[in-house]
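So you can see what is in the structure, the chains are spelled out below.
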Amino acid sequence: MVEQREKNGPEIRKDFFPYPCQFKKLSFAAMSTRVRSPTSDPEDPAPSEKKMRLEEHSRDESNVTKEEPNDSVLATPGSSKKASKLSKKKKKQKHVLPEPYSSGDVLWRDIVALLGNDTVEHALQHGTEWDSPFDHREELEVEVSKLSSNGDALARSPASHLPWVIVAPFALPGERIRVRVYRSSRLHSFADLLEVVSPNSDLRDDSRAKCRYFGQCSGCQYQESIPDVLPTIASPLQYGYRTKITPHFEAPPKRARKEAESGSVDSTDKPGWLKIGFNEIGKRTVLDIEECPIATPVLNAALGPIREDIIKNIWGYKKGVSLLLRDSIEHLPSDISSIPAPEDEKHICITNHKSTVRERVDSTYFEFPGHSFFQNNNSVLVPLTSYVRDAIFPSSKSSGPTHLVDAYCGSGLFSLMLAPHFDTVAGIELSAESIKSATSNAIINHLPQGKCSFLAGDAANIFSTVSHFPPDKTALIIDPPRKGSDEPFIEQLVRFACSTVVYVSCNVHTQARDVGMIMERMEREGGGRKYVLESLRGFDLFPQTAHVESVAVLRLV
């Protein structure tokens, strides 16, 4: 079977959730119908900045090229260089497999779905899955079949070639595009988009692209207008929503520094090599960014002076720097019981990772250090937390849970927003600093003493700290990092058997894995009880990108 399974574990059901691009039923706007790669000169050598690490996947490691002991080269006089070249060649032949549920793994599943199981099985059996029919920098025209789960365009190879998939950015289903291959992998090749030969007029609307860097910057995959579609709750703000950005830049190269020290260049002008911004799509280089349309106006207003200061002092940097810009309320109001008018709530840009950031979600205030995690789209947090509340307390039921366990609680977003609806709330977080922030936030918002408790500890040991909670009256919120939960945590969850589980995730693939494991283990070990997936809904926390936040609600029956 091409379908992959976890080693030494149960089969993971993948039919629970749609992929991110299926959550977002989009009206797209993409780049100009003619898009040139930054390395479009056919005389250029192979770009060294292209990502060379392979990200293809196979659960059958017998297909991975390995070095054999009897292939070694004998060391004879004059043969050391030859041996070195052969050794390097062997290293290049060794294919690196992506981690399960990583972006590379998800892309492999998309490749299999597009080519079909029979085609893939045939290639695996004949050992041709790594034999790309395309040369490096070969140009060709293809028609886009679908979008990948990561937002890239997927196109089948022309009929004159072996079955293969071309992966290219910024193109839409049904479009005929011209591309240039820059790297080949397992049954697919990555390519730069050179030109949209035949646009999809139903989906492409260039007027919606509001960022001048779109098509080069790797931050956004779409520049879209989200319609009112039931499966996904749209962000109230489509642009100007992001409250945190992290531009970066490299230190002066040695040659440039020597030229500056010798006085042969004007050290006050912005050097041509200096790029302050985000990664360029498909490369390891930085794209110079003067403004970011998805960032809040406060951050964009601060970015200009920050760039000027870097240009002025660039020769003093010995290492590259990753900047931090966070939108923050300047001061908490003296009376937090009333929501201030927008003109009375001044926002500033925080650039020190140790400084305190302040945000308001509806009438609840949060403080946390600049380097800590907090959702970066404030505009959608009220709809998100309200949806979680309503999912826990459906109108069809006369009574609901009285206790809440908030795993991976961070600074207390769900704990504090939902606290008025529970008798007792327990937040668990690995970071002691986040627990300190959550505890302080409970005090800031005048929650009754003892109502909320925040405990520092690994979520894998969470249920020992709340063993006195009545399971049939307890709701659990899981909001883990992208890698998802782990098996020890899920084993404890199944043993505790709380009445309601709400799983919030920014990675639907690890969420699907974990929810599948929760349901299967409870059905196997629950003594007749089981979790049912009651609802699943997407939240567009990241407009203009391929990412989506997913909320899954499980009920014990």
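Below, the structure is looked at part by part. Each chain has its residues counted from 1, following the order in which its sequence is written. The predicted origin of the model limits local features to residues at a pLDDT of at least 70 and limits the giving and counting of side-chain atom pairs to 80 or more, whereas totals for whole chains, interfaces and linings rest on all residues. Here the side-chain values reflect all heavy atoms present in the structure, with hydrogen atoms and water set aside.

Core analysis: the largest hydrophobic core is formed by 61 residues, its most contacted members being V388 and V551. Looking at this core element by element, the count peaks at 6 residues for helix α7 (residues 381–392). In this analysis, two residues are considered to be in contact whenever any of their non-hydrogen atoms come within 4.5 Å of each other. Apart from the residues lying within four places of it in its own chain, the contact partners of V388 are F414, L418, I477, V502, V504 and V551. Definition used in this section: a nonpolar core is a set of buried Ala, Val, Leu, Ile, Met, Phe, Trp, Tyr and Cys residues joined via side-chain atoms within 4.5 Å. For every residue, the accessible area (1.4 Å probe, protein chains only) is compared with the maximum for its type, and the residue is labelled buried under 20%, exposed over 50%, or partly exposed between those bounds. Counting residues in each nonpolar core, the second largest holds 31 residues, with F134, V142, A153 and V165 among its members. Where helices and strands are cited, they refer to DSSP runs of H or I of at least four residues and of E of at least two residues respectively, numbered from the N terminus.

Tracing the sequence through the fold places H353 in the loop between β13 (347–350) and β14 (356–361). In this structure the C-alpha to C-alpha distance between H353 and P369, which are 16 residues apart in sequence, comes to 6.5 Å.

For the rest of this paragraph, the subject is the packing of aromatic side chains. Any two rings among Phe, Tyr and Trp, with Trp reduced to its six-membered ring, count as a pair given centres within 6.5 Å; such a pair is stacked if its planes are under 30 degrees apart, edge-to-face if over 60, and tilted if neither. For the structure on display, the rule yields 9 aromatic pairs. Ring centres 5.8 Å apart and planes at 70° place the aromatic pair W273 and W315 in the edge-to-face group. Of this pair, W273 sits in the loop between α5 (254–262) and β9 (277–279) while W315 sits in the loop between α6 (297–313) and β11 (321–322), and the two are 42 residues apart along the sequence. When the ring of Y408 is compared with that of F489, the centres are 5.9 Å apart and the planes differ by 55°; the resulting orientation is tilted. Of this pair, Y408 sits in the loop between β16 (403–407) and α8 (413–418) while F489 sits in helix α10 (residues 487–496), and the two are 81 residues apart along the sequence. Linked through ring pairs, Y408, F463, F489 and F496 together constitute an aromatic cluster.

Moving on, we get to the pattern of salt bridges. Within this document, salt bridges are pairs made up of a side-chain nitrogen of Lys or Arg and a carboxyl oxygen of Asp or Glu, the two lying within 4 Å of each other. The full count for this structure, using the stated rule, is 17 salt bridges. With a closest N to O distance of 3.0 Å, E367 and R358 form a salt bridge. Taken together, the shared-partner salt bridges connect E139, R178, R180 and E195 into one network.

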